[in-house]
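This is what each chain is made of:
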Amino acid sequence: MTKYTLPKLPYDYNALEPVIAGEIMELHHSKHHNGYVTKLNEATEKYAAAEAKSDVEGMCAALQAIKFNGGGHINHSIFWTNLAPQNQGGGTPPEGPLAEAINKEFGSLEKFIEKFNGKTGPIQGSGWGWLGYCPEKKCLCIVACANQDPLVTTGLVPLLGIDVWEHAYYLQYKNARPDYLKNIWKVVNWKNVAERYEAALK
């Protein structure tokens, strides 16, 4: 059976300061994401055991835990790569096909960010804001997802995810989620987002 593991960050915990404090990054990665991985492994084991006994109720219960914790693992694994220190390109505007697609769909990068923050900021409780690619309509979409629901369940390809669970920002920004959303664009790794976009087009 596959054992899921916590991916290493491609930068130090304090590398995104002052936008995201090192303490937040360490807790977010080593505690929260690691917790999702641990519980995902437990849930997949429970599912396998229930399936072996043809225990449909047990399988259904395990699937709920797999969706939540698996979603947390998927979402965070994308999130870490969507960010980069400013001295490693974080915040540098996108170029090429992705920039062209953003301009076509939203008018400009600035208008995209305004629309993205406008849809993500009001999420009630916990969730994620996503820039996704729709293979069917061949266009970019902004989507808000509750809790840890992974974007792939909507049929979209995830390109850029912003975590708006309180554990992602509260130690630094308190209840000012809009300030967190305003600043995080300074460390968005548009190169990574562009690579995801170009892969989605193939």
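Described below are features of the structure shown in this document. (Residues numbered from 1 in each chain as written. Predicted model: local features only at pLDDT ≥ 70, side-chain atom pairs only at ≥ 80, totals over all residues. Heavy atoms only, no water.)

### A look at the overall build of the protein chain
Secondary structure summary: the protein chain contains 7 helices and 3 strands in total. In the protein chain, the order of α-helices and β-strands from amino to carboxyl end is α-α-α-α-β-β-β-α-α-α. Over its C-alpha atoms the protein chain spans a radius of gyration of 18 Å, differing by no more than 12% from the 17 Å that the globule rule assigns to 202 residues. Referenced to the eigenvectors of the C-alpha coordinate spread, the extents of the protein chain come out at roughly 55 × 40 × 30 Å. By residue count, 47% of the 202 residues in the protein chain fall in the buried class. (Helix = DSSP H or I, 4+ residues; strand = E, 2+ residues; numbered from the N terminus. Rg over C-alpha atoms; globule rule 2.2 N^0.38 Å. Buried < 20%, exposed > 50% of the residue type's maximum accessible area, 1.4 Å probe, protein only.)

### Remarks on the nonpolar core
Inside soluble globular proteins, nonpolar side chains tend to come together where they are buried. Counting 53 residues, the largest nonpolar core has F112, L140, Y180, I184, W185 and W190 as its most contacted members. A total of 6 residues in this core trace back to one element, the largest contributor, which is strand β2 (residues 139–146). Not counting residues within four places of it along the chain, the set of residues in contact with L140 comprises L98, A101, I102, E105, F106, L131, G132, Y133, L159 and Y197. (Core = buried A, V, L, I, M, F, W, Y, C linked by side-chain atoms within 4.5 Å. Contact = heavy atoms within 4.5 Å.)

### With respect to the sheet that holds strand β3 (residues 157–163)
Backbone-to-backbone hydrogen bonds join strands into a sheet, with any given pair of strands oriented parallel or antiparallel. The strand order across the open sheet formed by 3 strands is β2-β1-β3, and the pairing between neighbours is antiparallel. The open sheet has two edge strands with one neighbour each: β2 and β3. Mean inter-strand twist for the sheet, computed between neighbouring axes without regard to direction, equals 25 degrees. Pairing analysis gives 6 bridges linking strand β1 (residues 127–134) to β3, with the strands arranged antiparallel. (Pairing = 2+ DSSP bridges. Axes fitted to C-alpha atoms, helices over the stretch in contact; angles between N-to-C directions.)

### A short note on the side chain of S108
Within the fold, S108 resides in the loop between α3 (96–106) and α4 (109–120). The contacts of S108, once residues within four sequence positions are left out, are I102 and N103.

### Some details on the packing of helix α1 (residues 22–52) against helix α2 (residues 56–81)
Two numbers describe how α1 lies on α2: the axes approach to 8 Å, and their chain directions differ by 150 degrees. In this view, α1 runs roughly antiparallel relative to α2, as classed from their interaxial angle. Read as a crossing pair, α1 and α2 show a hand that is left-handed. Residues that form the contact of α1 with α2 fall into these classes: 15 nonpolar, 11 polar and 3 charged. (Parallel < 35°, antiparallel > 145°, perpendicular 65-115°, else oblique. Left-handed = near helix turned anticlockwise from the far one by under 90°. Nonpolar A, V, L, I, M, F, W, Y, C, P; charged D, E, K, R; others polar.)

### A closer look at the pattern of salt bridges
Within this structure, the stated rule accounts for 1 salt bridge. The residue K3 makes a salt bridge to E45 at a minimum N-O spacing of 2.4 Å. Remark: E45 occurs in helix α1 and K3 occurs in the segment before α1; sequence separation between them is 42 residues. (Salt bridge = Lys/Arg side-chain N within 4 Å of Asp/Glu carboxyl O.)

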